[in-house]
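Next come the chains, spelled out residue by residue.
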Amino acid sequence: MSATTQAAPAGVPSLDVDPFSTEFFDDMHAAHEVLREAGPVVWLAKWGVYGVARYAEVHGVLHDPLTFCSGRGVGLSDFAKEKPWRPQSIILEADPPAHTRTRAVLNQVLSASAMKPLRAHFTALAETKVDELLARGSFDAIADLAEAYPLSVFPDALGLKQEGREHLLPYASLVFNAFGPPNQLRQEAIERSAPHQAYVAEQCQRENLAPGGFGTCIHARADAGEITHEEAPLLVRSLLSAGLDTTVYGIGAAVYCLARFPEQLAKLRSDPTLARNAFEEAVRFESPVQTFFRTTTREVELGGHAIGEGEKVLMFLGAANRDPRRWEYADRYDITRRTSGHVGYGSGIHMCVGQLVARLEGEVMMAAIARKVGSIEITGPVKRRYNNTLRGLDSLPISISAA
Ligand code: OVV
């Protein structure tokens, strides 16, 4: 951890807020407003990095991937100066032209046509889950719904064996904590990472993946010569890293929205075709993935300031998604809003490659709730879960009644 703070470049507003502290996570919307209003670019003295929190600059950085690169890591650590904590991702932490080839493979494996055979099964399991929870009446919406539902569909869709699946959420939590600075969240996660890393490395091998799943599909692209047989396990690792916890947080966000805004639940019940947009709006409103960094590859002008080469820039996706310059009634959860353009999945060449899987899970869960649930009530203390990148809850006790 940095013992002292680092001086701001001339003219850039310097802030001493730590966007990776529990105080920040606890009162994030106020802190986001401070970041947006301080200027188009700020200096985060605690970590010696630039930050952008307005929609225009976040969008601008996302759409200039050659200047604001990913190959030096999308966390605080600069891979040009520090060894990555695990072998670098060949899609997330890559730039064109290398990224273009690996991205094309996952684009195909996770394409709209690949979703078609999954929809009926994902829908049936969402309906079964909601029926089971209606029968219980009271439960924890995080463990029993937001975690339980993706765990019931995604590992099977990937083709994972049953044994060892308890490593999946801890591994993803580690990956997203590791994008942060060397604070306690990151350091403790890495210290405890060995068994989770060993599990994941093993499941990425072809012989451990069931036929018909996303994992086997990726290995088949190596047979076709689109990637090498050494690259295939690393692309499977990307799905294991990014494909489960993100949807847990997304569905958790959506249920938390419906629980807090009963008039939106009423609207959803009256028109279940709003299910997909209700999920999308929850992704904008809560931004389960809050931040990513880029690294400058040259001197560049950003928000009226000259920024040197090799600087880290932190993009506040969650702040951009509520920037009043871009969104009317930004702080309102409105399932009929035009959500397109939100950066909850990023934007540009790195925009979430698994977005169709995420939206499928989110949509069918919201649709099952729309058709079956009459009311949602929060019945106990709401507890936040702290992670350097992901925003969500540890516990959301609710009771639900049948429609
Ligand atoms: C988007 C994302 C998050 C975490 C890990 C990865 C990707 C990866 O490619 O490993």
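It should be noted that the structure appears before, not after, this text.
Conventions used here
- Residues numbered from 1 in each chain as written.
- Predicted model: local features only at pLDDT ≥ 70, side-chain atom pairs only at ≥ 80, totals over all residues.
- Heavy atoms only, no water.
- 1 Å grid on protein atoms, 1.4 Å probe; cavity = no way out; pocket = protein on both sides within 12 Å on 5 of 7 lines; lining within 4 Å.
- Points joined across faces, edges and corners; volume = space filled by probe spheres on them.
- Nonpolar A, V, L, I, M, F, W, Y, C, P; charged D, E, K, R; others polar.
- Pairing = 2+ DSSP bridges.
- Helix = DSSP H or I, 4+ residues; strand = E, 2+ residues; numbered from the N terminus.
- Axes fitted to C-alpha atoms, helices over the stretch in contact; angles between N-to-C directions.
- Contact = heavy atoms within 4.5 Å.
- Parallel < 35°, antiparallel > 145°, perpendicular 65-115°, else oblique.
- Left-handed = near helix turned anticlockwise from the far one by under 90°.
- Phe/Tyr/Trp six-rings, centres within 6.5 Å; stacked < 30°, edge-to-face > 60°.
- Buried < 20%, exposed > 50% of the residue type's maximum accessible area, 1.4 Å probe, protein only.
- Near = heavy atom within 4 Å.
- Polar contact = N/O pair within 3.5 Å; in protein donor to acceptor, adjacent residues only side chain to side chain.
- Areas by Shrake-Rupley, 256 points an atom, 1.4 Å probe, with all protein chains shown as cover.

J.: How should the layout of surface pockets be read in this particular structure?
T.: Regions of empty space are outlined by a rolling probe, equal in size to a water molecule, passed over the atoms. Approximately 280 Å³ is the volume found for the largest pocket. Along its surface, the largest pocket is lined by 19 residues, and Leu 76, Ser 77, Asp 78, Glu 82 and Lys 312 are the ones closest to its centre. Each residue belonging to the lining of the largest pocket can be placed in one class, and the counts come to eight nonpolar, four polar and seven charged. Per-class residue counts for the lining of the second largest pocket are six nonpolar, five polar and three charged.

J.: Help me understand the sheet that holds strand E10 (residues 373–378), please; the structure alone is not making it clear to me.
T.: The strands that make up a sheet are held in pairs by hydrogen bonds between backbone atoms, and each pair lies either parallel or antiparallel. Pairing is antiparallel across the open sheet formed by three strands, whose spatial order is E5-E13-E10. The strands lining the two open edges of the sheet, one partner per strand, are strand E5 (138–140) and E10. Adjacent strand axes in the sheet meet at a mean angle of 30 degrees when their direction is disregarded. As paired strands, E5 and strand E13 (residues 397–402) are joined by three bridges and run antiparallel to one another. Each residue of the ladder has a partner; that of Ser 138, found in E13, is Ser 399. Most of the contacts of helix H6 (residues 141–158) go to E5, to which it runs at about 70 degrees, and overall it touches E5 and E13. Across the sheet, helix H16 (residues 355–372) lies against E10 and E13, angled at about 105 degrees from E10, the strand it touches most.

J.: Is there a simple way to explain the packing of H6 against H16 in this structure?
T.: The angle between the axes and the distance between the axes are what describe a pair of packed helices. Two elements in contact, H6 and H16, have axes separated by 11 Å at closest approach and are oriented at 125 degrees. When the axes of H6 and H16 are compared, the pair comes out oblique. As H6 runs across H16, the sense of the crossing is right-handed. Residues Leu 145, Tyr 149, Pro 150, Val 153 and Phe 154 of H6 form the contact with H16, whose own contacting residues are Val 357, Glu 361, Val 364 and Met 365. Of the residues contributing to the contact of H6 with H16, the split by class is eight nonpolar, no polar and one charged.

J.: So what exactly am I meant to see when it comes to the packing of aromatic side chains here?
T.: For any pair of aromatic rings, the description rests on two quantities: the centre-to-centre distance and the angle between the ring planes. Summed over all chains, the structure comprises eleven aromatic pairs. Summarising the aromatic geometry, the rings of Phe 24 and Phe 316 are spaced 6.4 Å apart at their centres and angled 40 degrees between planes, so their arrangement reads as tilted. One end of the pair, Phe 24, is in helix H1 (residues 22–26); the other, Phe 316, is in strand E9 (residues 312–316), with 292 residues separating them in the sequence. Judged on exposure class, the residue Phe 24 and its partner Phe 316 are both buried. Ring geometry for Phe 176 versus Phe 179: centroids 5.7 Å apart, planes at 75 degrees, classification edge-to-face. For the pair Phe 176 and Phe 179, a shared accessibility class is recorded, and that class is buried. Counting every residue linked through ring pairs, the aromatic cluster contains Phe 176, Phe 179 and Phe 292.

J.: Any chance you could explain the site of the ligand here in plain terms?
T.: Neighbouring the ligand are Arg 86, Ser 89, Ile 91, Leu 92, Val 175, Phe 176, Phe 179, Ser 238, Ser 241 and Ala 242. Within the side chain of Arg 86, an N or O atom sits 2.8 Å from an oxygen atom of the ligand. Within the contact set of the ligand, an oxygen atom lies 2.7 Å away from a side-chain nitrogen or oxygen of Ser 89. Look at the ligand: alone it shows 290 Å² of surface, and the protein chains cover 86% of it.

J.: Just checking my understanding: could you explain the side chain of Ser 238 for this structure?
T.: With respect to the element layout, Ser 238 can be found in helix H11 (residues 231–242). With sequence-adjacent residues up to four places away left out, Ser 238 is seen in contact with Ser 89, Ile 91 and Gly 243.

J.: It is not clear to me how the packing of H6 against helix H12 (residues 245–260) should be interpreted in this structure. Could you clarify?
T.: It is the contact of H6 with H12, at a shortest axis distance of 8 Å, that shows an interaxial angle of 130 degrees. As summarised for this structure, H6 and H12 are arranged oblique, according to the angle between their axes. The element H6 and its partner H12 pack so that their crossing is right-handed. Seen from H6, the contacting residues are Ala 141, Ile 142, Leu 145, Ala 146, Glu 147, Tyr 149 and Pro 150; seen from H12, they are Thr 247, Val 248, Ile 251, Gly 252 and Val 255. A per-class count over the contact of H6 with H12 returns nine nonpolar, two polar and one charged.

J.: Would you mind going over unusual backbone geometry with me for this structure?
T.: Residues other than glycine predominantly adopt negative phi, and peptide bonds predominantly adopt the trans conformation. Cis geometry is found at the peptide bond from Pro 96 to Pro 97, where omega equals 5 degrees. Along the chain, Pro 97 turns up in the loop between strand E4 (68–69) and helix H4 (98–109). The backbone of Ser 287 sits at a positive phi, close to 45 degrees, despite the residue not being glycine. Inspection of the secondary structure assignment puts Ser 287 in the loop between helix H14 (275–286) and strand E6 (291–296).

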